Amino acid sequence: MNTRPGNSLIGSPVERVEDLRFLRGKGTYVSDFSLPNQLHAVILRSPEAHGVIRRIDTSRARALPGVHAVITAADFGARPPHIPLRLQPLPELAPFHQPVLAFEKVRYVGEPLAVVLADTASIAEDALELIDVEIAALPAVTDRASAERGDSILFEPHGSNRALVWTATRGDAEAAFVKADVVLKERFHIQRHAAMFMEPRGFVADWNAETQRLKVWGAAKVAWTNRRILATAMGLEETAIDMVELDVGGGFGSRGEFYPEDFLIPAAARIAGRPVKWSEDRREHLMCANHARDIEINVEMALAKDGRILGLRGMCYSDNGAYLRTNGSVGPRNVAQFMSGPYKIENIHLQTTMLTTNKTPSGTYRGPGRFETDFARERLIDLAAKKLGMDRAEIRRKNLVADADMPYPLATIQPFESVTELDSGDYHAVFDRCLKEFGWDEKSALQGKLIDGRYHGIAVGSFIEGGAAGPKEDARLALETDGSLTVHLGSSAVGQGLETIMAQIAADSMEMSFDRIRVLHGSTTHVTEGYGSYHSRSTVMGGSAILLAAEKLKDKIRECAAARLGCSKDDVTIDAETVRFKTTSLTFAGLGAEPIEVEATFYNKKYTYAYGTQAAHVSVDVGTGHVRVHDYLSVEDVGRMINPLTLHGQAIGSIVQGLGGTFLEHLVYDANGQILTGSLADYLMPTASDFPNIRSITLELKPSPNNPLGAKGAGEGGIIPVGGIIANAVANALSHLGVEPMELPLSPPRVWALIDAARRAKR
Amino acid sequence: MIAVTTMKIEFEVNGKAVSADVEARTTLADCLRYDIGLTGTHVGCEHGVCGACTVIVNGAAARSCLMLAVQADGEKVTTVEGLSNDEALTPLQASFRKHHALQCGFCTPGMITTAHALLTHEPNADEERVRDVLSGNLCRCTGYISIVEAVLDARVAYGSKGE
Amino acid sequence: MKLAPIRYAAPATMDEAIALLGSCDAKVMSGGQSLMPIMAFRLATPELIVDLKKIPGLDQIVIDDQGVRLGAKVRWCDIESDGRLAQANPLLAEAIKHVAHYQIRNRGTVGGSVAHADPASEMPAIAACCEAVISVIGSKGARKIKAVDFFISALQTSLEADEVITEVLLPAWPAGRRWGFQEFARRRGDFALAGIAAFYDLDGQGCAANAHIAVFGASDRQHRLPGAEAALNGRPVTPETIAAAASAASAEVDPPSDIHAPGEYRRALVETLTERALAHAAK
Ligand SMILES: Cc1cc2nc3c(=O)[nH]c(=O)nc-3n(C[C@H](O)[C@H](O)[C@H](O)COP(=O)(O)OP(=O)(O)OC[C@H]3O[C@@H](n4cnc5c(N)ncnc54)[C@H](O)[C@@H]3O)c2cc1C
Ligand code: FES
Ligand code: FES
């Protein structure tokens, strides 16, 4: 595949096209979009975590002036549609699919019970208070212990709260543990938190009864898949539905998955015969959009005396919440499959049990399963170094996968078998570069030092970031009659600067100027099929599709030009938006009477693996348990950068999200399954004053062999090892007390409690 | 004094006199977005924490979700649209673009209005002050570093003498 | 999260305001920075909002020989920008720096904060520490309430439903007074997990006298810590005295647990923060 384009824009810090509208307040996010005559939808949500629905009486609500309809499960026949899985659609998970409206039982606080349609959102909210709901409460299942006890079961026919076990294997773990000189065994826990993008979700749906067509605004991430699910649920042809992507205020894995509202709002529009608009509010978002992480990791690591890691084995328990959502398996299975990370660990037997509980269902959040697993692994490596009396950098160097070992296979996961291998990389070079840039040797003197009432500590760790999930992506290029280029793309934008990045690739591959290019993406109207943005895939997949399409388009342009210039197409050259044959030339503008169009598809079965190393310097105030981050450095090799400006932004943003998950963010439930963090005053996210000292360096050492761009999916990486590295730095700072954090978040009360317990133990 | 459930309010938005018939319960944010049609003011939480809805009321930055529209009667309100023109980006906006201080752009209007209010009053604000002031505006995408740099870099345009 | 239906009035005089407040389930609105979020969650659904915005004369900071008089409509940003307070009550000036965020500081008011009585808020802590006198007016006339009688419990005060706070007086601050203010919050501008406001004077022997130490965020209301004060009064302010006062402080609170922190953590914070506040005072 030698389609690598001439390099002028690719690799340049091109300022973004999107910014021009966003900075002026001229973006169109879904809540900015309205249709004439629209009704507003508001959703009645279960106040109970677990119970049997006895009665829903909507008569008082329907009588309120301004209310047009109240829709309940009864409006959808004997059994309302259930939402299928998008990823790992195993038949054994079918019992756990979420119904679009609670059906017979409610299983989490926030589960939709009814939809009110009214003239204004305010009136619809007034009506919520007039709906009489009777739920016979059942005991809530809120943690592993109550899930395993099984005296209260979410899905009775299934017989237990265990949904499925994932198993990752490589080599012979049992034998490795027999051979081991040293074995460590620990239990880790990563708390429930979530993507929490800033623009809440929303939809506007319009049903045209005459043409029997549906149009939905507010699509994101995976519009084509969601259209398929919606079409099935509504009994429509896929082609009868248009899904339109507007500006999107952040996704991070969570936005754009098929949620109940993805069905309810279009269905409401069809029932009401009028356009319907729904804007999620933040309270709903906190209890309805996918939660993430919430996993207990019990793992053993086997080592040889010289520090080589011989094997990993263990069992993890994922608290998946009340239903298996579209991508609810990804995190749990990744924890099992990716525990070895960038290290050469030949013998693995790791399992994850997915448990159902009466909490909001979970899904992916940036670095799904990887943030979790890296916390456990990097902690274990530091603990192993301590036990073996080894240097923490040395033990990592000893175990990193070497360039010569590439491609390096990871553990294989079952069921829904997936085999994958690390594609390329010089892990050692990046590791050493990070230590050097961080000033590891100089900062080593700080370890455990008490300065102005704070104990200082440092840590380093490495990670991999999988990207470029297949199977394929489409691009359609159209050379318009005015000589400009329109790029239609299946990839979707979630705030990552897609328009700019894709225009850069298109401009380079067509040798056109940047401002002659328009990128249209994410909506089903643009290409026949699209797969969207997840798994750090849009740049690699969409970008590669553009490269392929550009070759085709150039060919077609030569053909057109040849006809006009009366020569053979092989004699036509293209440069500077002009076609030439000998001394005659034609500009792109007016080359054809019609736009010249091509469509191309990039197929990819192999993932890319970007990789990197991060290091942290922290200090701990033992009086308050507060941890300050003095320096945080990430060095990552992404193979090839399209836009260093946006990539740097992704890296820093991702690290700060990781710091949020490490220190601040926690979705808390009580024993009755009530969510206690129901506002942004309680769910704490990083602010501008929390983490001022973050650095990121991006390298282009080893291009991916798996795509013509050589790019590796990046965009999640930064977040992945943050929890583990910070916890190690805290342990390093408090080594005199022997504090070893095993749980996140490292909130001041938790750190203080560890210090307090260690002091008591010493006494 | 009569208490009202709905009211015709008259106020100045971005230098223009406007009026709207609003319910007493309507927030200024919703009024600006849906009655006046200025959707640049974003609503990220409706309970005063995220700062996306920040507008400038009589010269001072304020959260428009924590004001009733009726409270704006007779006042002067500036939104992100009022801090923009079609010809070129303002120096503050250009600085945001240069520093890649926005990704999804949802928090951006609140950042621009807040930073504008700050630099108008305190053109010499230092990094700590900028971080302090911006701590009331959540951004999930950027990690803030580029935003702080952008605001610091824009100070000259507000008459900062430099550090 | 839309507000329940309300009626709204912005009377031009206090008499009208009081009459409106007595007429139904009404609430005063000052800065709205606490009231609006609560109404957005429909946790408060008053029938009528009485906006103080047009009532004149409540927005002044007067400094005289009685002390610092804060009108009820004085905003956080007014306190922040009033250079006189560094002399007249430096404890107040320092405490208010910790209140909320920029935009909220442009609207939130002294009267609103005191009336709202969030147990983790700064202004009531200063009121408790400084023995503030709170002036209120209602249908039964005007009265003055001592801080210690004003704050009853979390979000509960001795205000009557139709009473409006007009002023908070912080008694005069003698030159040479030593003070310290410490709070610990999860993030900049968040409500404190615990906090301490403290001052003392020095007697002829260089010993602490007239110690006032108030805690916030660690009880159901802001209140003084007599045990800690006693540990300080009449003694030279050495690290040992400070440690004794700090440990007395933590012994006399019984903080509640919530999702942000368990009670024992808050108790430990009270000790740490008392120690730091007094160390600052002694510097
Ligand atoms: C995100 C966020 C963070 C915050 N952080 C902090 C913080 O760290 N520390 C802190 O102290 N505060 C904090 N606050 C609250 C803020 O300081 C409020 O402004 C303040 O508590 C209330 O003042 P207000 O004028 O806005 O009162 P309002 O919201 O108008 O009123 C609050 C209550 O007081 C009553 N009231 C108001 N004025 C009077 C009066 N004159 N007489 C009688 N009753 C009256 C009202 O009826 C209402 O019950 C925060 C708020 C938000 C939204
Ligand atoms: S919408 Fe106003 S602060 Fe979040
Ligand atoms: S740019 Fe997305 S929230 Fe700030």
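None of these values were measured; they are calculated from a predicted model.

Chemist: When you look at the overall build of chain C in this model, what are you seeing that I'm missing?
Modeler: The helix and strand tally for chain C stands at 12 helices and 14 strands. In terms of its C-alpha atoms, chain C occupies a principal-axis envelope of roughly 60 × 45 × 35 Å. Residues counted as buried form 60% of the 283 residues belonging to chain C. Expressed as a percentage of contacts within chain C between residues at least 6 apart in sequence, the contacts between residues at least 24 apart total 62%. Taken as two groups, the 29 positive and 33 negative side-chain charges of chain C have centres that lie 5 Å from each other.

Chemist: Whenever I open this one, the interface of chain B and chain C confuses me. Can you help?
Modeler: Much of the literature gives interface size as the accessible area that the parts lose upon coming together. Counting residues at the interface gives 38 residues for chain B and 35 residues for chain C. Surface buried jointly by chain B and chain C totals about 3000 Å² across both partners, of which 56% is contributed by carbon and sulfur atoms. Its salt-bridge partner being Lys-2 of chain C, residue Glu-46 of chain B comes within 2.9 Å of it at the nearest N-O pair. In this assembly, chain B and chain C are joined by 15 residue pairs in polar contact (both at pLDDT 80 or more). When contributions to the side of chain B that touches chain C are tallied by element, the ones reaching two or more residues are strand E3 (54-57), strand E4 (60-63), helix H3 (108-121) and helix H4 (127-134) of chain B. Each residue belonging to the side of chain B that touches chain C can be placed in one class, and the counts come to 19 nonpolar, 11 polar and 8 charged.

Chemist: What exactly am I supposed to notice about the environment of Val-77 of chain B here?
Modeler: All names here are of chain B. Within the secondary structure layout, Val-77 lies in strand E5 (residues 76-78). By relative accessible area, Val-77 is classed as buried at 1%. Taking the C-alpha atoms as reference, Val-77 lies 24 Å from Arg-129; in sequence the two are 52 residues apart. Setting aside residues no more than four positions away along its own chain, Val-77 makes contact with Phe-11, Glu-12, Val-13, Asn-14, Leu-28, Leu-32, Val-55, Ile-56, Val-57 and Ala-72.

Chemist: Can you help me understand the pattern of salt bridges in this one?
Modeler: Side chains that differ in sign of charge can pair as their charged atoms come close. Residues and elements named next belong to chain A. Tallied over the full model, the rule gives 89 salt bridges over all chains. A salt bridge links Glu-437 to Arg-433, with the nearest nitrogen and oxygen atoms 2.9 Å apart. Separated by 4 residues within a single helix, Glu-437 and Arg-433 lie in helix H12 (residues 427-438), roughly one turn from each other. Overall, the relative accessible area of 28% leaves Glu-437 in the partly exposed class.

Chemist: Mind showing me how you'd approach the packing of aromatic side chains here?
Modeler: Note on aromatic pairs: each is described by the distance of the centres and the angle between the planes. Residues and elements named next belong to chain A. Counted according to the given criterion, the structure contains 18 aromatic pairs over all chains. Ring plane angle 20° and centroid distance 5.8 Å describe the contact between Phe-663 and Phe-691, whose orientation is recorded as stacked. You can see Phe-663 sitting in helix H16 (residues 644-664) and its partner Phe-691 sitting in the loop between H16 and strand E32 (694-699), a full 28 residues away along the chain. For the residue pair Phe-663 and Phe-691, the accessibility class agrees, reading buried in each case. Members of the aromatic cluster, joined through ring pairs, are Phe-96, Tyr-108, Phe-155 and Tyr-323. If you follow Arg-144 out to its NZ or CZ, it ends over the ring of Tyr-317, 3.6 Å from the centre. For the cation-ring pair, Arg-313 lies above Phe-177, with the distance from its terminal atom to the ring centre recorded as 3.9 Å.

Chemist: Please clarify how the nonpolar core should be interpreted in this entry.
Modeler: Nonpolar side chains in soluble globular proteins generally cluster together in the buried interior. Counting residues in hydrophobic clusters, the biggest one holds 174 residues, and the most contacted among them are Ile-297, Ile-726 and Leu-734 of chain A together with Phe-96 of chain B. The element contributing the most residues to this core is helix H10 (residues 370-388) of chain A, with 8 residues. Those residues within four positions of Ile-297 of chain A in sequence are excluded, and the remaining contacts are Glu-186, Arg-187, Phe-188, Ile-190, Met-315, Cys-316, Val-335, Met-339, Glu-372, Thr-373 and Ala-376 of chain A. In this structure, Val-14, Ala-475, Ile-596 and Phe-602 of chain A belong to the second largest nonpolar core, which totals 50 residues.

Chemist: Honestly, the sheet that holds strand E29 (residues 596-603) of chain A in this entry has me stumped. Any pointers?
Modeler: Adjacent strands of a sheet form backbone hydrogen bonds with each other and so pair up, either parallel or antiparallel. Residue and element names in this part refer to chain A. The strand order across the open sheet built from 4 strands is E25-E24-E23-E29, with neighbouring strands paired in mixed fashion. The open sheet has two edge strands with one neighbour each: strand E25 (517-521) and E29. Neighbouring strand axes in the sheet, compared pairwise and without regard to direction, differ in orientation by 20° on average. As defined by bridge partners, strand E24 (residues 485-489) adjoins E25 across 5 bridges and the pair is classed as parallel. Looking at E25, one finds that Leu-485 is bridged to Ile-517.

Chemist: What is the right way to read the site of ligand 1 from this model?
Modeler: Residue and element names in this part refer to chain C. As a matter of local geometry, ligand 1 sits amid 34 residues, with Val-28, Gly-32, Gln-33, Thr-109 and Glu-122 nearest to it. The separation between an oxygen atom of ligand 1 and a polar main-chain atom of Val-28 is 2.6 Å. Its free accessible area being 960 Å², ligand 1 has 94% of it covered by the protein chains. Counting only elements with at least two residues in the shell around ligand 1, the list comes to strand E2 (26-29), helix H7 (110-116) and strand E10 (164-171). When residues of the shell around ligand 1 are assigned to their parent elements, the largest contribution, 5 residues, is made by H7. Class assignment of the residues belonging to the shell around ligand 1 gives a composition of 15 nonpolar, 15 polar and 4 charged.

Chemist: What exactly am I supposed to notice about the side chain of Thr-677 of chain A here?
Modeler: Examined against the element boundaries, Thr-677 of chain A turns out to sit in the loop between H16 and E32. In this structure the side chain of Thr-677 of chain A is engaged in a polar contact, spanning 3.1 Å, whose partner is the backbone nitrogen of Val-668 of chain A. Every residue in contact with Thr-677 of chain A, bar those within four places of it in the chain, is listed here: Leu-286, His-666, Leu-667, Val-668, Asp-682 and Tyr-683 of chain A together with Ile-259 of chain C.

Chemist: Can you help me understand empty space enclosed by the protein in this one?
Modeler: Any empty space left between the atoms is revealed when a probe the size of a water molecule rolls over them. Residues and elements named next belong to chain A. Enumeration according to the criterion identifies 5 cavities of 30 Å³ or more in this entry. Within this model, the largest cavity holds a volume of roughly 140 Å³. Lining the largest cavity are 18 residues, and of these Gly-202, Phe-203, Gly-218, Ala-220 and Arg-255 sit closest to its centre. The residue makeup of the lining of the largest cavity, split by class, is 8 nonpolar, 4 polar and 6 charged. Estimates place the volume of the second largest cavity at around 110 Å³. Surrounding the second largest cavity, 16 residues form its lining, Arg-293, Gly-331, Pro-332, Gly-363 and Glu-372 being those nearest its centre. For the lining of the second largest cavity, the elements supplying multiple residues, two or more each, are strand E15 (292-303), strand E16 (309-319) and helix H9 (330-337). Tallying contributions element by element places E15 first for the lining of the second largest cavity, with 3 residues.

Chemist: What is the right way to read unusual backbone geometry from this model?
Modeler: A negative phi angle is the norm for most residues apart from glycine, just as the trans form is the norm for most peptide bonds. Cis geometry marks the peptide bond from Met-406 of chain A to Pro-407 of chain A, where omega comes out at -10°. Tracing the backbone shows Pro-407 of chain A in the loop between helix H11 (392-399) and strand E18 (408-409). Of note in the backbone geometry, Asn-58 of chain B takes a positive phi value of approximately 50° without being a glycine. Following the sequence through the fold, Asn-58 of chain B ends up in the loop between E3 and E4. Here Ala-100 of chain C, not a glycine, exhibits a phi torsion of approximately 50°, which is positive. Mapping Ala-100 of chain C onto the fold places it in the loop between helix H5 (90-96) and helix H6 (102-105). Among the residues examined, Ala-100 of chain C registers a relative accessible area of 15% and is labelled buried.

Chemist: Would you mind going over the domain arrangement of chain B with me for this structure?
Modeler: Residue and element names in this part refer to chain B. Examined at the domain level, chain B breaks down into domain 1 (6-83) and domain 2 (91-158). Computed from C-alpha coordinates alone, the two centres of domain 1 and domain 2 are separated by 21 Å. Between domain 1 and domain 2, the residue contacts involve 17 residues of the former and 14 residues of the latter. Looking at the side of domain 1 facing domain 2, the largest losses of area belong to His-42, Val-80 and Leu-83, adding up to 37% of the total buried there. Where domain 1 packs against domain 2, one counts 0 salt bridges. The tally of links between domain 1 and domain 2 comes to 6 residue pairs in polar contact (both at pLDDT 80 or more). Only E3 and E4 provide two or more residues apiece to the side of domain 1 that touches domain 2. Of the residues in the side of domain 1 that touches domain 2, the class split is 9 nonpolar, 7 polar and 1 charged.

Chemist: Before we go on, may I ask you to explain the sheet that holds strand E7 (residues 112-118) of chain A in this structure?
Modeler: Residues and elements named next belong to chain A. As summarised here, the arrangement of the 7 strands in space is E3-E7-E1-E14-E11-E12-E13, forming an open sheet in which the pairing is mixed. Each edge of the open sheet is held by one strand with a lone partner, namely strand E3 (67-72) and strand E13 (241-244). Looking at each pair of strands side by side, their axes are set apart by 20° on average, direction ignored. Judged from the 5 bridges that link them, E3 and E7 form a sheet pairing that is antiparallel. Counterpart to Val-70 in the pairing with E7 is Val-116. Taken strand by strand, helix H3 (residues 121-128) contacts strand E1 (39-45), E3 and E7, and its axis lies near 30° from that of E1.

Chemist: What is the right way to read the state of the cysteines from this model?
Modeler: Disulfide: a covalent bond formed between the sulfur atoms of two cysteine residues. The tally for this structure, following the rule as stated, stands at 0 disulfides over all chains. Left unpaired, Cys-288 of chain A is separated from the closest cysteine sulfur, that of Cys-45 of chain B, by 17 Å. Judged by relative accessible area, Cys-288 of chain A falls into the buried class, the value being 2%.

Rules of the game
Residues numbered from 1 in each chain as written. Chains lettered and ligands numbered in written order. Predicted model: local features only at pLDDT ≥ 70, side-chain atom pairs only at ≥ 80, totals over all residues. Heavy atoms only, no water. Helix = DSSP H or I, 4+ residues; strand = E, 2+ residues; numbered from the N terminus. Buried < 20%, exposed > 50% of the residue type's maximum accessible area, 1.4 Å probe, protein only. Contact = heavy atoms within 4.5 Å. Lys, Arg positive; Asp, Glu negative; His and termini not counted. Charge placed at Lys NZ, Arg CZ, Asp CG, Glu CD. Buried area = accessible area lost by both parts, 1.4 Å probe. Salt bridge = Lys/Arg side-chain N within 4 Å of Asp/Glu carboxyl O. Polar contact = N/O pair within 3.5 Å; in protein donor to acceptor, adjacent residues only side chain to side chain. Nonpolar A, V, L, I, M, F, W, Y, C, P; charged D, E, K, R; others polar. Phe/Tyr/Trp six-rings, centres within 6.5 Å; stacked < 30°, edge-to-face > 60°. Lys NZ or Arg CZ within 6 Å of the ring centre and 35° of its normal. Core = buried A, V, L, I, M, F, W, Y, C linked by side-chain atoms within 4.5 Å. Pairing = 2+ DSSP bridges. Axes fitted to C-alpha atoms, helices over the stretch in contact; angles between N-to-C directions. Near = heavy atom within 4 Å. Areas by Shrake-Rupley, 256 points an atom, 1.4 Å probe, with all protein chains shown as cover. 1 Å grid on protein atoms, 1.4 Å probe; cavity = no way out; pocket = protein on both sides within 12 Å on 5 of 7 lines; lining within 4 Å. Points joined across faces, edges and corners; volume = space filled by probe spheres on them. Domains from an automatic or database assignment. Disulfide = S-S within 2.5 Å.

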